[in-house]
Every structure is written in C-alpha cells, then in structure tokens.
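Structural characterization, general
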Amino acid sequence: MESEGEPGGVPLDPVNMKTKTLLCDLKSKYADKSWNETVQLVRRCVEKTKGDGRVCEPVAKCLQKINEALNVSSLTSMVSRLEMIAKQRGLGSHMSPTETVCYLTADLFYLEVVLLPAGNVEDVRVAHHGDAPVSSPSLLQLLRLKKFQEFSLKLDDLASFYNIPGDSDVKIKIYASLRHLETDLFKISHLPRSLRESDLHVDLIMNGRIGNVQPGKEGSPMTVEYYISPLDVLMGLSNTGEVGGGQMALVTLRSSDASHRLQRESLISCPPQVDSFGFPVFQPLTESCSDLLPATFLLKLQPPLPMLMSFVEKMGSITDGVIAEKAQQVEPLPQLLMKTSRTLNSKTSWTEGLQFVVPLLASECHSYVFPGAEWGRESWKGALIHTVPFTHPGHVPALLDLLRHQSAINVLLASCFSNHSRHIGAGLLYDLRCEILPETDHCLSVTFSFDDNDHLAVLQVTVVDSHQMSCRLLMPGFVDHKLDDYISRVLRRCMSIPITMRAIRRKVTPLAAPAAVPESSAAPEISSVPREAAEDASLASPPPPGYYLMSVSGPVADNTVNTEAVANRSPCASLGVYSHWATGGLPAELL
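Rules used throughout
- Every chain begins its residue count from 1, and numbering advances along the sequence as written.
- Totals for whole chains, interfaces and linings use all residues, but because this is a predicted model, local features are given only for residues with pLDDT of at least 70 and pairs of side-chain atoms are given and counted only at 80 or more.
- The basis for the side-chain values is all heavy atoms of the structure; hydrogens and waters are excluded.
- Only DSSP runs of H or I with at least four residues qualify as helices, and only runs of E with at least two residues qualify as strands; both kinds are numbered from the N terminus onward.
- Between buried and exposed lies partly exposed: a residue is buried under 20% and exposed over 50% of the maximum accessible area for its type, with that area taken using a 1.4 Å probe on protein chains only.
- Pairs of residues are marked as contacts when any of their non-hydrogen atoms sit within 4.5 Å.
- Here, Shrake-Rupley sampling with a 1.4 Å probe gives the accessible areas, and only protein chains in the shown set may cover a residue.
- Expected helix span is taken as 1.5 Å per residue step, with the number of steps being one fewer than the number of residues.
- Here, two cysteine sulfur atoms that lie within 2.5 Å of each other are counted as a disulfide.
- The pairing criterion is simple: DSSP has to find at least two bridges between the two strands.
- Nonpolar core, defined: a set of buried Ala, Val, Leu, Ile, Met, Phe, Trp, Tyr and Cys residues in which side-chain atoms within 4.5 Å join the residues together.
- Scored from 0 to 100, pLDDT reflects the predictor's confidence in each residue.
- Axis lines are fitted through C-alpha atoms, for helices just across the contact stretch, and the angle between N-to-C directions can take any value from 0 to 180 degrees.
- Between the rings of Phe, Tyr and Trp (Trp by its six-membered ring), a pair exists once the centres lie within 6.5 Å; its type follows the angle of the planes, with under 30 degrees stacked, over 60 edge-to-face, and the other angles tilted.
- Definition used for salt bridges: Asp or Glu carboxyl oxygen within 4 Å of a side-chain nitrogen of Lys or Arg.
- Directions pointing from the helix axis toward each C-beta atom define the arc.
- By the definition adopted for this analysis, an angle is roughly parallel if under 35 degrees, roughly antiparallel if over 145, roughly perpendicular if from 65 to 115, and oblique otherwise.
- We call a crossing left-handed when the near helix sits turned anticlockwise from the far one by less than a right angle, and right-handed when that turn is clockwise.
- Polar here means any residue outside two lists: the nonpolar Ala, Val, Leu, Ile, Met, Phe, Trp, Tyr, Cys and Pro, and the charged Asp, Glu, Lys and Arg; Gly therefore counts as polar.
- Whenever two N or O atoms come within 3.5 Å, that pair is a polar contact, provided that in protein one can donate a hydrogen and the other can accept it, and provided that, for residues adjacent in sequence, both atoms are side-chain atoms.

When helices and strands are counted, the protein chain shows 17 helices and 18 strands. Residues classed as buried in the protein chain amount to 45% of the 591 residues present. Partitioning the contacts of the protein chain with sequence separation of at least 6, the portion at a separation of at least 24 is 64%. Here the protein chain displays about 30,200 Å² of accessible surface, and carbon together with sulfur accounts for 54% of that area.

Structure follows, in structure tokens:
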C-alpha cells in the first residue's frame, strides 16, 4: 500500500508535510482577506527581527513580490512601496506627523516625497547635508509614472555618491571638502582667457583650464567635459544640431587606506590672484585650512580611457604620489582601443598584427597595417583607466591636459581602424597601403608608397599635446617644408590619418607625374575635373556607413601647385583641432 504523499507514490518527509499544512491553513485563513491586510501582516513579520537583529530573508522577499504585484493606487500602497525601496537601498524611512510627506534618509542626504491623499506624488525634493531641499523633476517623473525600479536605481546612485567610510563626523568633513573643491574648480573655470576656437562650446571643452564644468544637480556629481573629437562634433551637428558626445569626468570621492590632507575651505582668494600663466595662486594647504581624512578626490572617467603607462606615471607625479588604480591588465594601446570600441570586433587576435581596410569617397580604399611585434614594445603598452585620484584643485588642469593628450593619440590611432580587419597578408590591391609604426610615446610613423612609385615614403606624426601636432614627409629627393605645414594643418583639422594620407596622395601625385601625360594614360580622376565640380560630386555622395570623412580647404587650384595653407577665415579661430566650420555646419570640403 502506497503511503500518502505526492503523485507517483513518493512520500513527503515530515518537514515538507508540516510546511504544506501551514500553507493550506494560511490560504484558508486569509482567503477572504484583502491584499492590503495581507501586506500589513507580512510587514509586521518583517519588522520582527531575529535574535541577531537580521531580517528574515524569505519574508522580506515575499513582501517585495507582493508589493511589486500590487497596483499602487492609494496613499498606503505608495508609502509601503517607498518604505520597501528605502529598506532595499539601506536607507531609513518615516512619515511626517501630518502623514503627507514620506522621508527617505541617509547620513548625508535625505529625500522628501510629498504625497496627496489619493497616493499621487506632488513633489520630490533632495536635500544634501547642510543644504535646503531642492525639487528633483527626474525623480518626480519616475514616481508619477510608477517606474519604481528606475527610481530605486537612482537612489542607489545617490547613495553610492556618499559611500564614504567612517562615522558621521568624518563623512561630513569629507563631503564638506568636496564642496570646497567644487567651489575652487568653478573659480578656475571662470578665470579670463583668450578665445582659441570660434565655437564657444568646443573652445571651452578643448581649451578651458578645466574643460566644460557643469554643477552637480539632483544628487549627481559635478561633471567636467574635457575632450571632443571632430567626429563627435560632426555627429552632434548632424543628429541634434548641437555639439555633444565628448569625453567627461565626474568629480567625486573615494575611500583611501592612507589619510590625505584635504581642504576644509576654498584655497583661492576672492578676487583670485593669478600667476604669469593665468592660473590662480592657491593658499598653502596647512593644518589651519585642511584635515587629514581617509579619502581622495576622484575624476571618474566616462567612458574609461585607454592610457599609456608612461602617462599613468606622469599622473602620479602630478598628484604627489597619489596614483591611479592598479592596472588589471597591460596591453598594446591599439589593442586596448579595439577592445573599448563599440563597433569593432574586440576578440580579434593582435599577436601577429592586423590589417584594416578603410574605404573613402570616390571609391578610394586604403590599407593600414599594424605589426604586432612592433606595437608590443613596452613604451606603447597601456591600461584602461577608470578613475584618477587627486587631493588638490591645482592638480586638475594638469591632469586634464594629460587626458586630452592621450585622447588625441587615441583618436588618431582609431581613425585607422574599421570593421574590415584581417590578419596581415598579401592579396587585394589598394589605392594606398600604409604601415603604422610606433616611435616614442607621442610619435608614430606611417610608411607608404604610391602605385606608380617604387620608393617608400614616411610620414612622421608627432603629437606634442592635444593642440600641437606636426607632420614631416620624408621622400627620396623631395623636401618641401610648406607642404609639411599644410599636412600638419590637415591633421589638426580632421584628426584622421586616412584623410591626411588622402590629402598627401592628391598633393604629391601631381608633383611626381610626368610633365606631359598621353591622352590614353589613366590619370587620376580628380585632375581631370575642376575643383568645384569635384567638391559638388563629393558632397552629393554620402559616405559609407560607419565612417566619417572630412577635410580642409586646400590651396587654390591653378596650373601650378600651391602648397601654402589656407588662411584662417575666422579671426578668433585657431589653427588647432577645430576650425570655423564647427559653428557653420559641415566643412567647406567634405571629401
């Protein structure tokens, strides 16, 4: 005879039998009860902690599931949902005496959720330590739309911003130090300086002493936008009509095993005194204006930046030994750039080197080869940097200069990448075949040859910093310093090696061609049509998907070759990375 149990004759052990009986009793007892009564019961069970002070996890999960299943349509259900979210994020919660405001509290901030009798949300205010509550439209919108999961994540971000070790007094001191740092960074950003670019927004990002500074709001930290490439400018102008999409850093804090001297007041006098370079004179960081605290300030890079190890060491010297995070893995810089790219195949092996095929307009196609052995040298190995620690506002301008310098190198290398990659080998014919080789940590070379020339040529590219870049073309029996200046100008404008090589090919090919060309010879298409017609044809043809193409106005076309660079049409625009077209749409020549 089979024992009583589950179907199939499998007997139930005493524990399972007891559990099943209890569940049946609970179902029968609360069959006629409303959901609100059930929720209140589970909440009372959660509040009854065990002897060690811990909440019963199964009951807490049960309450969470019930809350998520319920439609929040009353004041009681809204309060219940807010209290559950607060408990999940480690925050306190309580109601005001009038039961119209639900407070979500932490050591250094709190939220006021103003409720209406029907459970609707009238306002959400965020109050940081020592500050008055400020309305938060984004948090208000999430609660009104009942997007509680997104609201919970926002609370988690806010709580992580204040994730500082120590007791309340230490946390308050560290947070106050961060506020004084923000005050000094604003003072630095508003110091007078000369305008170098015609687009004010781009000029602020690229040439501002600390980039484009935006104050923290609604619980988010201060942001610094420090670099933007010509591709980012063009993409922003074409998509939204505004310049955007640059690289940013969040100004925040992190805990530290060692104590560091952090400011307890502003270190810049009012009005600021400046030195001969236009930077402010800081008050010495003495015991009277600082505290030893277990934390450092932090630039949290968004997105993380692939950096050469030599640049990481320079950052450590700027911050007096406060170094960035320990590199998890050191790899060749081009390989890091491929891994962090959102469009390239990051799993491609780099050991033997790679070849990229970059298509341009007018059916022009270049090949760019990166020899694996050459790029594996120590001087060109780097790491992915997420955060940069520092302890003084005077560190920030120098750190941003290094980040901009590295960003410029990264943009130039990435311009040679494409989705069409393969391991090095012979095969297809290209209009230009180039080999990219590393030199010093801020210099690289491009070795190439033209179709009708057996001699190799070398373009040396030196990136002194994000504003100063120089090119030198080395060809047998050919020296033209004016052409070098023109090539440098093209590179600074477009920040693209393929477009620069295209400009070189167009400039040098007529010089190397015979004086008289037979009619049957196949001359380059560009030499057979007027320059204006070529521009119109180029503008009419959209570039291939996934690539950006741009150039600068070249010398005036006539019977002789003019290698003089075009004069700057904008009196306030520099000859740096950006030009007058940043505010007027596309460049004069989008080739």
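On we go.
The next thing to look at is helix α4 (residues 75-88). Its 14 residues give α4 an end-to-end C-alpha distance of 20 Å, which sits within 8% of 20 Å, the value for a rise of 1.5 Å per residue. Counting buried positions along α4 yields ten of 14 residues, so the element is predominantly enclosed. Residues of α4 that are buried: Ser-77, Met-78, Val-79, Ser-80, Arg-81, Leu-82, Glu-83, Met-84, Ile-85 and Ala-86. Of the residues flanking the end of α4, it is Gly-90, one or two places downstream, whose phi is positive at about 75°.

Attention now goes to the state of the cysteines. Between two cysteines, a covalent bond joining their sulfur atoms is known as a disulfide. Summed over the entire model, instances satisfying the criterion amount to zero disulfides. Cys-434 provides the cysteine sulfur closest to Cys-416, a residue in no disulfide bond, and the two sulfurs are 7.9 Å apart. On the basis of relative accessible area, Cys-416 is assigned to the buried category, the value being 0%.

Time to look at the pairing of strand β15 (residues 432-438). For β15, a buried count of five out of seven residues is recorded, marking the element as mostly surrounded by other parts of the structure. Bridge count for strand β12 (residues 365-370) against β15 is four bridges, and the pairing is parallel. Within β15, the residue paired with His-366 across the bridge is Leu-432. Pairing of β15 with strand β16 (residues 443-449), which is carried by six bridges, proceeds in the antiparallel orientation. Looking at the pairing, Ile-436 lines up with Val-446 of β16.

Ranked by internal contacts, the top residues of the largest apolar core, which has 117 residues, are Leu-111, Phe-151, Leu-413, Phe-448 and Met-501. Residue contributions to this core peak at ten residues, all from helix α13 (residues 395-414). Ignoring any residue separated from it by four or fewer positions in sequence, one finds Phe-151 in contact with Leu-82, Ile-85, Leu-104, Leu-111, Leu-139, Leu-142 and Leu-143.

Moving on, we come to the confidence of the model for the protein chain. Averaged over all residues, the pLDDT of the protein chain equals 78, while 70% of them reach at least 70. For the protein chain, helix α16 (residues 531-540) is the element with the lowest average pLDDT, namely 35, and α13 is the one with the highest, namely 96. Considering only residues more than four positions removed or in separate chains, one finds that residues 515-591, a stretch of pLDDT under 50, has 145 contacts.

Let us look at the sheet that holds strand β8 (residues 247-263). With antiparallel pairing, the six strands of this open sheet are ordered in space as β6-β7-β8-β9-β13-β10. Sheet topology places β6 (212-214) and β10 (331-332) at the edges, where each strand pairs with a single neighbour. As paired strands, strand β7 (residues 222-227) and β8 are joined by five bridges and run antiparallel to one another. In the sheet register, Glu-225 faces β8, and the bridge partner there is Met-248. Docked against the sheet, helix α8 (residues 200-207) engages β6 and β7, running at close to 90° with respect to β7.

In this section: the packing of aromatic side chains. Enumeration according to the criterion identifies seven aromatic pairs in this entry. For the ring pair Tyr-103 and Tyr-110, a centre distance of 6.3 Å and an interplane angle of 55° mean the geometry is tilted. Owing to a relative accessible area of 29%, Tyr-110 belongs among the partly exposed residues under this scheme. Ring plane angle 45° and centroid distance 5.7 Å describe the contact between Phe-370 and Trp-375, whose orientation is recorded as tilted. Neither residue differs from the other here; Phe-370 and Trp-375 are each classed as buried.

What follows deals with the sheet that holds strand β3 (residues 109-115). Taken in spatial order, the five strands line up as β1-β2-β3-β4-β5 in an open sheet, and their pairing is antiparallel. Both outer strands of the open sheet, β1 (92-95) and β5 (134-135), are each paired with one neighbouring strand and no more. Where β1 and strand β2 (residues 101-105) come together, four bridges link them in antiparallel fashion. Paired with Ser-93 across the bridge in β2 is Leu-104.

For the coordinates displayed, the defined rule picks out 15 salt bridges. Note that Glu-331 is salt-bridged to Lys-339, the shortest N-O span being 2.6 Å. You can call Glu-331 buried: its relative accessible area is 7%. For Glu-378, the salt bridge goes to Lys-381, with nearest N and O atoms at 3.3 Å.

Next up on the list: helix α10 (residues 309-318). Among all positions of α10, only Phe-311, Val-312, Met-315 and Gly-316 are buried. All buried residues of α10 fall inside an arc of 150° around its axis, so they share one side. Opposite the buried face of α10, at more than 90 degrees from it, the exposed residues are Glu-313 and Ser-317. On its buried face, α10 is in contact with β9 (290-308), β13 (381-390) and α13.

Time to look at the packing of α4 against helix α6 (residues 148-161). Packing of α4 against α6 brings their axes to within 10 Å, and their N-to-C directions diverge by 40°. Comparing the axis directions of α4 and α6 gives the class oblique. The two elements α4 and α6 cross, and the hand of that crossing is right-handed. Packed against α4, whose contacting residues are Met-78, Arg-81, Leu-82, Ile-85 and Gln-88, the element α6 presents Phe-148, Phe-151, Ser-152 and Leu-155 at the interface. In terms of residue class, the contact of α4 with α6 is built from six nonpolar, two polar and one charged.

We now examine the side chain of Gln-355. Within the element layout of this structure, Gln-355 appears in strand β11 (residues 354-359). Of note is the side chain of Gln-355, whose polar atom sits 2.8 Å from the side chain of Ser-367. Of note is the side chain of Gln-355, whose polar atom sits 3.2 Å from the side chain of Tyr-430.

This brings us to the packing of helix α11 (residues 333-340) against α13. Each packed pair of helices is defined by two parameters, the angle between the axes and the distance between the axes. Packing of α11 against α13 leaves a shortest axis separation of 10 Å and a crossing angle of 80°. For the element pair α11 / α13, the angle class is roughly perpendicular. Every residue of α13 that contacts α11 at Leu-333, Pro-334 and Leu-337 is listed here: Gln-406, Ile-409, Asn-410, Leu-413 and Ala-414. Broken down by class, the residue content of the contact of α11 with α13 amounts to six nonpolar, two polar and no charged.

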